[in-house]
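The chain contents come next:
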Amino acid sequence: MKILFVTSEAAPFVRSGGLGDVAGALPKAMCKAGNDCRVILPFYKEEIKDAFKQGFRFVASTFVDLSWRRQYCGVYEATYEGVKYYFIDNEYYFNRKGLYGHFDDGERFAFFSKAVLEVLPLIDFYPDVLHANDWHTALCPVFLDVFYRFSDEYKKIKTVFTIHNIEFQGKYGDNLIGDILGLPEWARSIVMNGDCVNYMKGGIESSNAVTTVSETYANEILDPFYSYGLESILSERRYKLHGVVNGIDESLYNPKTDEKLFAKYTVKNYAAKKAENKKAFLEMVDMPYSSERPLVAMVTRLTEQKGIDLVSAVIDDIMRADIQVVILGTGDWKYENMLRSVESRYPNKFKGILAFSADIASKLYAASDMFLMPSKFEPCGLSQLIAMKYGSVPIVRETGGLKDTVPAYNPETGEGKGFTFKTYNAYDMLDAIWRAYACYFDKENWNKVVTNGMNSDLGWDISAKKYLEIYKAL
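Residues numbered from 1 in each chain as written. Predicted model: local features only at pLDDT ≥ 70, side-chain atom pairs only at ≥ 80, totals over all residues. Heavy atoms only, no water.

What follows covers the overall build of the chain. On a plain count of helices and strands, the chain comes out with 21 helices and 18 strands. The C-alpha radius of gyration computed for the chain amounts to 23 Å, which stays within 12% of the reference 23 Å derived for 474 residues, consistent with globular compactness. Along the first, second and third principal axes, the C-alpha atoms of the chain reach 70 × 45 × 40 Å. Counting only residues that meet the buried cut, the chain has 59% of its 474 residues in that class. (Helix = DSSP H or I, 4+ residues; strand = E, 2+ residues; numbered from the N terminus. Rg over C-alpha atoms; globule rule 2.2 N^0.38 Å. Buried < 20%, exposed > 50% of the residue type's maximum accessible area, 1.4 Å probe, protein only.)

Listed below in structure tokens is the structure:
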């Protein structure tokens, strides 16, 4: 099967979060299963490292009509780990610092979405399935239906649209319909939601199938609490909504091969080697080490969505125990200030590292005993999967992908992979932390919950098969 994966970012070339990880791993799993899966993304010249750019090959160029504009569009290609990648080049739109957050993001990604369709003849690749992701590429199915379906090469293309995080939808004033999107009047309703243009709503309307990144999240986004205003359109299109949980690239996230660790390990020797990692990490951040004191980690954006407000509410209760906490991340200034304040009060027990660092993250996964994710909502989450692979026991709220991937540990049966709580409440979270804390000193049960997680199949093969079933059904 021929698949074109359309994304605004893809590891290893450029990534800002989970979407980049998915775009780097899922196509590789698709190719491994015998499909011709290719990836197309913008050519961010300021963000992609020169070492990668040196391997890019210029393919061809054309012009893309975007309402009254006629914009240059170049195409470069590269092959990485068996997957072919295409890069859409336009210096005005993509030769900037940062991937997102520019004043004209609506125009930038409308251009990219149309350019994807315009370059198919140049790369001589007409996919069976075009798989768009999040609001940045949601206009691909819209433009395909409105402008390209009349062509024999395009008319058989099926479309899948994946919602990675429904909070971000691409909302703009309705003047964009004529001034940027160039849609005819009859197509206006496709992208309008209420009184504004909504790119994600257009992707939901126009695609043949809509997926999101866990089964629980697929149900949650039908509820107004989680849907950010799209509950009506999703309920009306529920027949094409699917939930497929993400995996992780186990060639990247593997304590047996991870060069960033102080000591590599497997499930067979994790206890001693994790202790080595823990001791070395705590020395690195100037904190004392004790084999009897559990280390709780968070690797997260410091935003309300991630449950940092719950942590803030009970941090003094947590610190009263013989426990250490390290939080790695950046985000809202009020939470960054909170971390600084807590660290000043508990210098030997708490550390806030205000940075985004893959190197430190890997070391922290390997050093920590427990991994806290008290999210208000979590479409899928990759951190809890990485934590389990590295032998750090997740403590999570039962929402979205956290509920689907971290079954609660049952000491009677020895089944389960972590400790969970249901309501978005700081003291319910605290209760889950104390249950994990108690289990930590019951070495038989603790060994069981750790090994359950480390032995889990967390790769992409199972998820790739589910996506292929969706593609084939179309």
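This is not the end of the story, as more comes after the structure.
Looking now at unusual backbone geometry. Following Ala11, the chain continues to Pro12 via a peptide bond in cis, the omega torsion being 5°. Along the polypeptide, Pro12 turns up in the loop between β1 (2-6) and α1 (18-32). Positive phi, close to 55°, is recorded for Ser67, a residue that is not glycine. One can find Ser67 in the loop between β3 (57-66) and β4 (69-80). Phi is positive for Asp134, close to 60°, though the residue is something other than glycine. Structurally, the position occupied by Asp134 is in the loop between β6 (129-133) and α6 (139-148). For Asp134, a relative accessible area of 8% translates into the label buried.

Okay, the state of the cysteines next. Should the sulfur atoms of two cysteines be covalently bonded, the bond is a disulfide. In this structure the tally under the stated criterion is zero disulfides. Cys73 carries a free sulfur, and the closest cysteine sulfur to it, the one in Cys140, is 12 Å from it. What makes Cys73 buried here is its relative accessible area of 0%. (Disulfide = S-S within 2.5 Å.)

A ring pair, where both rings are aromatic, is described by two values, the distance of the centres and the angle of the planes. One pass over the full model with this rule turns up 37 aromatic pairs. Relative to Phe94, the ring of Tyr44 lies with its centre 5.8 Å away and its plane at 80°, an arrangement referred to as edge-to-face. Taken together, the residues span a long stretch of sequence, with Tyr44 in the loop between β2 (36-42) and α2 (50-53) and Phe94 in helix α3 (residues 91-94) at a distance of 50 residues. What makes Tyr44 buried here is its relative accessible area of 0%. Ring centres of Tyr93 and Phe94 lie 6.3 Å apart, and the angle between their planes is 55°; on these two criteria the pair is classed as tilted. Judged by relative accessible area, which is 0%, Tyr93 ranks as buried. (Phe/Tyr/Trp six-rings, centres within 6.5 Å; stacked < 30°, edge-to-face > 60°.)

Moving on: the environment of Phe419. By the element assignment, Phe419 lies in strand β18 (residues 419-421). As for Phe419 and Ala408, which are separated by 11 residues in sequence, their C-alpha atoms are 5.2 Å apart. Dropping the residues within four chain positions of it, Phe419 is found in contact with Val393, Pro394, Ile395, Val396, Tyr409, Ala432, Arg435, Ala436, Cys439 and Trp446. (Contact = heavy atoms within 4.5 Å.)

This part takes up the side chain of Glu9. One can find Glu9 in the loop between β1 and α1. In this structure Glu9 is buried but unpaired, with Arg15 as the nearest side chain of opposite charge at 5.6 Å. Side-chain polar atoms of Glu9 contact the backbone nitrogen of Gly17, separated by 3.2 Å. Within the structure, the side chain of Glu9 is placed 3.2 Å from the backbone nitrogen of Gly20, a separation counted as a polar contact. Residues contacting Glu9, with those up to four places away along its chain left out, are Val14, Arg15, Ser16, Gly17, Leu19, Gly20, Ala23, Leu41, Leu99 and Tyr100. (Lys, Arg positive; Asp, Glu negative; His and termini not counted. Salt bridge = Lys/Arg side-chain N within 4 Å of Asp/Glu carboxyl O. Polar contact = N/O pair within 3.5 Å; in protein donor to acceptor, adjacent residues only side chain to side chain.)

If you walk across this open sheet you meet the three strands as β8-β10-β9, and the pairing is antiparallel. Two strands close off the open sheet at either side, each with one partner strand: β8 (171-172) and β9 (192-193). Note: β8 against strand β10 (residues 196-198), two bridges, orientation antiparallel. Across the sheet, residue Tyr172 finds its bridge partner in β10, namely Val197. (Pairing = 2+ DSSP bridges.)

So, about the packing of helix α13 (residues 270-284) against helix α16 (residues 358-367). The contact between α13 and α16 brings their axes to 8 Å, and the two run at 130°. Considering the angle they form, α13 stands oblique to α16. For the pair α13 and α16, the sense of crossing is left-handed. In contact with Lys274, Asn277, Lys278, Phe281 and Met284 of α13, α16 contributes Ile360, Lys363, Leu364, Tyr365, Ala366 and Ala367. Classifying every residue of the contact of α13 with α16 by side-chain character gives seven nonpolar, one polar and three charged. (Axes fitted to C-alpha atoms, helices over the stretch in contact; angles between N-to-C directions. Parallel < 35°, antiparallel > 145°, perpendicular 65-115°, else oblique. Left-handed = near helix turned anticlockwise from the far one by under 90°. Nonpolar A, V, L, I, M, F, W, Y, C, P; charged D, E, K, R; others polar.)

Turning next to the packing of α1 against helix α21 (residues 461-473). In contact at an axis separation of 9 Å, α1 and α21 are set at 75° when each is read in the N-to-C sense. When the interaxial angle is binned, α1 and α21 end up roughly perpendicular. In this structure, α1 contributes Leu26, Ala29, Met30 and Lys32 to the contact, and α21 contributes Asp461, Ala464, Tyr467, Leu468 and Tyr471. Its residues placed into classes, the contact of α1 with α21 shows seven nonpolar, no polar and two charged.

The parallel open sheet is built from six strands, whose spatial order is β15-β14-β13-β16-β17-β18. Either end of the sheet is taken by a strand with one partner, and the two such strands are β15 (350-353) and β18. Averaged over neighbouring strand pairs, the angle between their axes works out to 15° when direction is ignored. Relative to β18, strand β17 (residues 393-397) runs parallel, the two being bridged by three bridges. What sits directly across from Arg397, in β18, is Phe421. The strands that helix α15 (residues 333-345) touches are β14 (324-328) and β15; relative to β15, the one it contacts most, it runs at about 150°. This element, helix α19 (residues 426-440), spans β16 (370-373), β17 and β18 of the sheet and lies at about 165° to β18.

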